[in-house]
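# Chains, contacts and geometry: an overview
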Amino acid sequence: MSFDDDLTPGLETPGSETLGLETLAIRAGHERTHEQEHAEPIFPTSSFVYGSAAEAARKFKGEEPGNVYSRFTNPTVRTFEQRLAALEGGERCVATSSGMAAILSTVLALLKAGDEVIVSRSVFGSTIALFDKYLAKFGVVPRYVELNDLAQWEAAITPNTKLLFAETPSNPLNELVDVAALAELAHRHGAWLAIDNCFLTPALQRPLDLGADLVIHSATKYLDGQGRAIGGAVVGRNEELEQLYGVVRTCGPCMSPFNAWIFLKGLETLSLRMHAHSRSAQAMAEWLESQPAIERVHYSGLESHPQHALAKRQQQGFGAVMGIEVKGGQAAAWKVIDNTRVMSITGNLGDVKTTITHPGTTTHGRLTDEQRASAGIRDGLIRIAVGLETLDDLKADLERGLRLL
Ligand SMILES: *Cc1c(COP(=O)(O)O)cnc(C)c1O
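- For the protein chain, the name recorded in an unreviewed UniProt entry is O-succinylhomoserine sulfhydrylase, with Salinicola socius as its organism.
- We quote the UniProt Pathway (unreviewed entry) comment for the protein chain here in full: "Amino-acid biosynthesis; L-methionine biosynthesis via de novo pathway; L-homocysteine from O-succinyl-L-homoserine: step 1/1."

### Thoughts on the environment of Pro172
- In this structure, Pro172 sits in the loop between strand 6 (161-167) and helix 7 (179-188).
- Judged by relative accessible area, which is 1%, Pro172 ranks as buried.
- Sequence spacing of Pro172 and Val321 is 149 residues, and the spatial spacing of their C-alpha atoms is 6.8 Å.
- Apart from residues no more than four positions distant in its own chain, Pro172 is found in contact with His298, Met322, Gly323, Pro359, His364, Ile377, Leu381 and Arg383.

### Looking at empty space enclosed by the protein
- All chains considered together, the criterion is met by 1 cavity of 30 Å³ or more.
- Lining the largest cavity we find Pro169, Ser170, Asn174, Phe199, Leu200, Phe318, Gly319, Ala320 and Val321.
- Considered class by class, the residues forming the lining of the largest cavity number 6 nonpolar, 3 polar and no charged.
- Residue-level mapping places the lining of the largest cavity at the junction of two domains, with at least three residues from each of domain 1 (21-268) and domain 2 (271-402).

### Some thoughts on the sheet that holds strand 11 (residues 321-326)
- Read across the open sheet, the 5 strands follow the order 10-11-14-13-12; overall the sheet is mixed. Of all strands in the sheet, those with a lone pairing partner are strand 10 (294-298) and strand 12 (344-345), marking the two edges.
- Here strand 13 (residues 355-357) runs beside strand 14 (residues 381-385); their pairing, made up of 3 bridges, is antiparallel. Within the sheet, the bridge partner assigned to Ile356 lies in strand 14 and is Ile384.
- Relative to strand 11, helix 13 (residues 329-338) is tilted by about 125 degrees, and along the sheet it contacts strand 11, strand 12, strand 13 and strand 14.

### A closer look at the packing of helix 3 (residues 75-88) against helix 10 (residues 257-268)
- Put simply, helix 3 and helix 10 touch, their axes get as near as 8 Å, and they point 35 degrees apart. Like other packed secondary-structure pairs, helix 3 and helix 10 cross with a definite hand, here left-handed. Counting all contacts with helix 3, which are made through Thr76, Val77, Thr79, Phe80, Arg83 and Leu87, the residues of helix 10 involved are Pro257, Ala260, Trp261, Phe263, Leu264, Leu267 and Glu268.
- For the contact of helix 3 with helix 10, the class distribution of residues is 9 nonpolar, 2 polar and 2 charged.

### Details of the pattern of salt bridges
- Taken as a whole and assessed by the stated rule, the structure comprises 22 salt bridges.
- The salt bridge involving Lys265 is made with Glu268; its shortest N-O contact spans 2.9 Å. With a gap of 3 residues between them, Lys265 and Glu268 both fall in helix 10, about one helical turn apart.
- Glu268 gets classed as partly exposed once you look at its relative accessible area, which sits at 26%.
- Among the charged side chains, a salt-bridge network with shared partners connects Glu40, Arg83, Lys265 and Glu268.

Definitions and cut-offs
- Residues numbered from 1 in each chain as written.
- Predicted model: local features only at pLDDT ≥ 70, side-chain atom pairs only at ≥ 80, totals over all residues.
- Heavy atoms only, no water.
- UniProt positions renumbered as here; feature names shortened; annotations may be inferred.
- Helix = DSSP H or I, 4+ residues; strand = E, 2+ residues; numbered from the N terminus.
- Buried < 20%, exposed > 50% of the residue type's maximum accessible area, 1.4 Å probe, protein only.
- Contact = heavy atoms within 4.5 Å.
- 1 Å grid on protein atoms, 1.4 Å probe; cavity = no way out; pocket = protein on both sides within 12 Å on 5 of 7 lines; lining within 4 Å.
- Points joined across faces, edges and corners; volume = space filled by probe spheres on them.
- Nonpolar A, V, L, I, M, F, W, Y, C, P; charged D, E, K, R; others polar.
- Domains from an automatic or database assignment.
- Pairing = 2+ DSSP bridges.
- Axes fitted to C-alpha atoms, helices over the stretch in contact; angles between N-to-C directions.
- Left-handed = near helix turned anticlockwise from the far one by under 90°.
- Salt bridge = Lys/Arg side-chain N within 4 Å of Asp/Glu carboxyl O.

See below:
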């Protein structure tokens, strides 16, 4: 089988011969039923029946594998889990009802009162709220550091540190952390490293290969890629994932089979989409960098990005999301946003539809001026998640506002 040369080469996955990422994204995890269906079936059933009382007893005790109840055993969800595990190169995956449920389940599974978690300051806003507002109530202590400053991570470690948590690249400034170096640091202190890989997906970055212990996903974003459903997942080793499975099984933040099926369909085109997003974003970033009304473009694919070399080393692409700073502060940024006709003005991303937002007054609007300044969210900053529309239409969309500045 041959693929475009910019697609990812063959990958080793446990228990299978070497298959390419695109092959796994299309075929991993599906065992045909006796109906010989070609597309993956949806199993919209809450429970399953047994041939005998003895079989039911064995399955309840876990002595015999098989489906029991869809909170913890559903064939469509399992197909999604096995496929994503294969793509990330993990031993096992547990699917969850949302990306936030994936993070919550990870903490419930692995941490207890008194444990500390070090979190990059530039993670998804709800992730910070989850730690500060809810998990802190149960005695899990978060400490925040700058994503790209390894010395700060190291200084924040105490004997109680159990987990390091980061998103790379960051939203919207595209700051990176060296995942291999952070994993080495975590392991030297007996802690786990979890990477939220939502922005690049395994098509463009495989954190487990770089030494991370856990990969967290909001499947809502690029795994679906078409803005249709909410879901999440955690991928890693059997040992930790068995504990996560216990949490999802008992506490119940499970993925619905309908959503699992949507994500399976999304995964089939994941590599194609992510490389196409990256190509468009790269061309857009280079073009924007040459525009007189633009002060700065934050995109890890640009030579001007301070961590471009690291991005090239640990990523197979640069993704769809960029931050652009226009001259003239908030008024100018709003003018650019309000003059778009094709792009969607929304705080969401991870879609074939291009989205544009003003982080300072939306996604980061609840921060104090000081917090915003320290996070580098300036008044003229616009975030664009470049979709798959015709690139010239997207450029024209921005040019309409940029001309007026
Ligand atoms: C959206 C998002 C989440 C949360 O995922 P939901 O599916 O919305 O719960 C977590 N991390 C990142 C980076 C996200 O963009």
